[in-house]
Amino acid sequence: MKKLGILFAVLLVVFVMATFGTAEDKVWFDMKNCDFCAGMSEDMMNHMTHEQHRLTNGVMVLATIPDEYKEEFAKAMVAMEQLGMDMETGKVDPATVKMCGHCEYYGDLMQAGAKMEHVSSGIAEIDLITSDDPEVMKMIMTYADNNDKAMAEMEAMMKEEMK
């Protein structure tokens, strides 16, 4: 149960990057076509901040949510957690759930045994994804690479739009 809460926290934290980047022929972040991401509004995403930092054995993801979006953020998190619980209990067939590359890969990390920790502070949502297993560490770094690529693509598109 705790892992599911962490999963959804990380999903929400990272979605500030919206719908850019691909991994394994899937859009990496896709708020419009992913059942987990669907509760995240573009307006909220545009007001959140996101950072990612590599650690020796994993990655740390931080996000800040302005006060005026915290209620929306909490509702989206509850909806994501409910979907995950429904999948886990068999109420929803996982094969019918549409997931973006990020959500699918995050689930793969969980199944591979990555350690997931979440800290919700007054100033940020902080997630640590770590492992002592070299193969899982490689997966975590691939996850981080895909996040970095998606962020760079989004920033480039935003700069182009501002011209």
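From a predicted model like this one, the values you see are computed outputs, not experimental measurements. (Residues numbered from 1 in each chain as written. Predicted model: local features only at pLDDT ≥ 70, side-chain atom pairs only at ≥ 80, totals over all residues. Heavy atoms only, no water.)

Peer 1: Whenever I open this one, helix H4 (residues 101–112) confuses me. Can you help?
Peer 2: Within an α-helix, residues lying three or four positions from one another point in the same direction, as the helix has 3.6 residues per turn. End to end, H4 covers 16 Å across 12 residues, agreeing with the expected 16 Å (1.5 Å per residue, within 8%). Buried residues of H4: Gly101, His102, Cys103, Tyr105, Tyr106, Leu109 and Met110, and no others. Taken from the residues just after H4, Gly113 is the one with a positive phi, measuring 100 degrees. (Helix = DSSP H or I, 4+ residues; strand = E, 2+ residues; numbered from the N terminus. Expected span 1.5 Å × (residues − 1). Buried < 20%, exposed > 50% of the residue type's maximum accessible area, 1.4 Å probe, protein only.)

Peer 1: Where do I start with the sheet that holds strand E6 (residues 125–130) in this structure?
Peer 2: What links the strands of a sheet is backbone hydrogen bonding, and the strands pair in either a parallel or an antiparallel sense. Pairing is antiparallel across the open sheet formed by four strands, whose spatial order is E3-E4-E6-E5. Either end of the sheet is taken by a strand with one partner, and the two such strands are strand E3 (49–55) and strand E5 (115–120). Adjacent strand axes in the sheet meet at a mean angle of 15 degrees, parallel and antiparallel pairs treated alike. In this structure, strand E4 (residues 58–64) lies alongside E6, joined through six bridges in antiparallel fashion. Looking at the pairing, Met60 lines up with Leu128 of E6. (Pairing = 2+ DSSP bridges. Axes fitted to C-alpha atoms, helices over the stretch in contact; angles between N-to-C directions.)

Peer 1: What's the story with the pattern of salt bridges in this structure? I'm lost.
Peer 2: Proximity of charged atoms lets side chains of opposite charge pair with each other. Evaluation of the coordinates by the stated rule reveals seven salt bridges. In this structure, the salt-bridge partner of Lys26 is Glu104, at a minimum N-O distance of 2.5 Å. Here Lys26 is found in strand E2 (residues 26–27), whereas its partner Glu104 is found in helix H4, with 78 residues between them in sequence. Lys26 gets classed as partly exposed once you look at its relative accessible area, which sits at 27%. Across the pair Glu71 and Lys75 runs a salt bridge, and its minimum N-O distance is 3.4 Å. Within this pair, Glu71 and its partner Lys75 are both found in helix H3 (residues 70–89), separated by four residues, close to a single helical turn. Within this structure, Arg54, Asp145 and Asp148 form a network of salt bridges that share partners. (Salt bridge = Lys/Arg side-chain N within 4 Å of Asp/Glu carboxyl O.)

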